[in-house]
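# Architecture and fold: a report
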Amino acid sequence: MAFSPPDPPTAVLLAGPVLACCTAFWLVRLLRHNRIAALRILDEPNARSLHSAPVPRTGGIGVLAGVATGLGLTLPWLGAPIAFWPVAATALLAVVSLLDDRRHVPARYRLAAQVAAAGLVMVGGLAWQVPGLPGLGGVALPGWLVPVITIVFVVWMTNLYNFMDGMDGLAGGMAVLGFGGLAVLGALGNAHGFALVAAVIAAAAVGFLPHNLPRAGIFLGDVGSAVLGFWAALLVLWGAGRGLFPLWAGLLVFSPFLVDATWTLLGRLARGEAVWRAHREHHYQRLVLAGWSARRTLAWAYVLMAAAAASAVGARDLNSREQWLLLAGWAGVYGLVHLRVALAERQGAAAQGGPSGTPRS
């Protein structure tokens, strides 16, 4: 594989995440209190917002700075692919996303940048080359399908992470638990370079999260959420390509976001709604609108995220039949989540004296 960096020493494995966390915490604190005038960008409430007052939306800059510092310290041990292609793709996405945070960038230009970033990922040697399902590891996808599914996957992960960044602490928590889960998978597979990259991203998210918990003093912004989604896709492809875990297990790590965003998109398409318009139809948004507190919603979201990451880690040693059973179990879990959200909406409507309505599908 082109993406096989050498193993860094133990001191570097520890120092990189610590430095990333401290840098992110310090810089996000400055951004939160508008200490850097050039980066004073506010998130004004809109149709999909759960907040009612303007909040700084530059926290992602602090996260990226933390990641850059942590990885910069460890760059000699990360290999050429990390040093160039993913970094170039990240820089492209970060610049376009920051411009979008500051002043709106038309969707076609953002999409073009995301497709270009996905292309750079493939140039760097990463692609979705197998079906990724239990028992099908030795089956290769048709050559024409590989670039198509890779670009669609990277672009969708980049966007869905942004879509799911709509409640205090949610996207930051997914970064901590999701990339933390990948770091554990990398460590168990003795791929310490991979584990280090995932751990540095998780640690930078740890530095950001205290500033973002309800009520948040700062948001990630597109510059943070888009890049985190991009790196989630990149690391899933990288880890699966190195055989650290089956591709489906990498998807399971981020399934709390994948399932919610995909379910919501398909539902809006089925109802003939404009999917590009702002909305508040994700499960977490519907729970808050139904009367759940942000803290209660977030606590249960963290339970779901932790369980998904733990299941993915445990899936490494399961046989194909057991992996299919695990996938079926998680399909049932997400079905129950959907039903629970619909029930909360009916209960909320009844408590307010309104009609219970029909649950959305």
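Everything here concerns the structure above.
What counts, and where the lines are drawn
Residues numbered from 1 in each chain as written. Predicted model: local features only at pLDDT ≥ 70, side-chain atom pairs only at ≥ 80, totals over all residues. Heavy atoms only, no water. Helix = DSSP H or I, 4+ residues; strand = E, 2+ residues; numbered from the N terminus. Buried < 20%, exposed > 50% of the residue type's maximum accessible area, 1.4 Å probe, protein only. Contact = heavy atoms within 4.5 Å. Expected span 1.5 Å × (residues − 1). Arc of directions from axis to C-beta. 1 Å grid on protein atoms, 1.4 Å probe; cavity = no way out; pocket = protein on both sides within 12 Å on 5 of 7 lines; lining within 4 Å. Points joined across faces, edges and corners; volume = space filled by probe spheres on them. Nonpolar A, V, L, I, M, F, W, Y, C, P; charged D, E, K, R; others polar. Salt bridge = Lys/Arg side-chain N within 4 Å of Asp/Glu carboxyl O. Phe/Tyr/Trp six-rings, centres within 6.5 Å; stacked < 30°, edge-to-face > 60°.

### Things to note about the overall build of the chain
- Helices and strands together make up the secondary structure of the chain, namely 14 helices and two strands.
- Going through the 361 residues of the chain one by one, you find that 50% of them count as buried.
- Put simply, of all contacts in the chain between residues at least 6 apart along the chain, 76% involve residues at least 24 apart.

### Focus on the environment of Phe 257
- Among the secondary structure elements, Phe 257 is positioned in helix 11 (residues 255–270).
- Remark: the alpha-carbon pair of Phe 257 and Ala 301, spanning 44 residues in sequence, is separated by 9.9 Å.

### Quick word on helix 13 (residues 294–314)
- The first and last C-alpha atoms of helix 13 sit 30 Å apart over 21 residues, in line with the 30 Å expected at 1.5 Å per residue.
- When we look at burial in helix 13, the residues that qualify are Thr 297, Leu 298, Ala 301, Leu 304, Met 305, Ala 308, Ala 309, Ser 311 and Ala 312. Burial along helix 13 is one-sided: seen end-on, the buried residues are contained in an arc of 160 degrees. For helix 13, the exposed residues lying more than 90 degrees away from the buried face are Arg 295 and Trp 300.
- Of the surrounding elements, those touching the buried residues of helix 13 are helix 7 (170–188), helix 10 (247–253), helix 11, helix 12 (283–289) and helix 14 (320–351).

### Some words on the layout of surface pockets
- Space inside the second largest pocket adds up to approximately 510 Å³.
- Listed by contribution, the elements that provide at least two residues to the lining of the second largest pocket are helix 11, helix 12, helix 13 and helix 14.
- For the lining of the second largest pocket, the residue count by class is 18 nonpolar, two polar and two charged.

### Overview of the pattern of salt bridges
- With the rule as written, the count across this model stands at seven salt bridges.
- Linking Asp 101 and Arg 57 is a salt bridge whose minimum nitrogen-to-oxygen distance equals 2.9 Å. Of this pair, Asp 101 sits in helix 4 (residues 85–102) while Arg 57 sits in the loop between strand 2 (55–56) and helix 2 (59–74), placing them 44 residues apart in sequence.
- For Glu 281, the salt bridge identified is with Arg 268, shortest N-O distance 3.4 Å. In this pair, Glu 281 sits in the loop between helix 11 and helix 12 while Arg 268 sits in helix 11, placing the two residues 13 residues apart along the sequence.
- Note on Arg 268: relative accessible area 5%, which makes it buried.
- What you see here is one network of salt bridges that share partners, running through Arg 57, Asp 101 and Asp 222.

### Topic: empty space enclosed by the protein
- For the structure on display, the rule yields two cavities of 30 Å³ or more.
- By volume, the largest cavity amounts to about 110 Å³.
- Along its surface, the largest cavity is lined by Leu 93, Val 96, Ser 97, Asp 100, Arg 110, Ala 113, Gln 114, Thr 158, Asn 159, Asn 162, Asp 222 and Ala 226.
- With four residues, the top contributor of residues to the lining of the largest cavity is helix 4.
- A per-class count over the lining of the largest cavity returns four nonpolar, five polar and three charged.

### Details of unusual backbone geometry
- Across the junction of Pro 214 and Arg 215, the peptide omega takes the value -15 degrees, indicating a cis bond.
- One non-glycine residue, Asn 34, lies in the positive phi region at around 55 degrees.
- Along the polypeptide, Asn 34 turns up in the loop between helix 1 (10–32) and strand 1 (42–43).
- Unusually for a residue other than glycine, Asn 190 sits at a positive phi of about 60 degrees.
- Inspection of the secondary structure assignment puts Asn 190 in the loop between helix 7 and helix 8 (192–208).

### Examining the packing of aromatic side chains
- Counted under the stated rule, the structure contains eight aromatic pairs.
- On the basis of an interplanar angle of 85 degrees and a centroid distance of 5.1 Å, the ring pair of Trp 128 and Phe 153 is categorised as edge-to-face. Note that Trp 128 is positioned in the loop between helix 5 (107–123) and helix 6 (145–164) and Phe 153 in helix 6, a separation of 25 residues in sequence. Residues Trp 128 and Phe 153 agree in their burial class; the two are buried.
- An angle of 70 degrees between the planes, with centres 5.3 Å apart, marks the rings of Phe 179 and Phe 254 as edge-to-face. Note that Phe 179 is positioned in helix 7 and Phe 254 in the loop between helix 10 and helix 11, a separation of 75 residues in sequence. Accessibility assignment for this pair places Phe 179 and Phe 254 in one class, buried.
- Feature note: the residues Phe 194, Trp 238 and Phe 245 constitute an aromatic cluster, connected by ring pairs.

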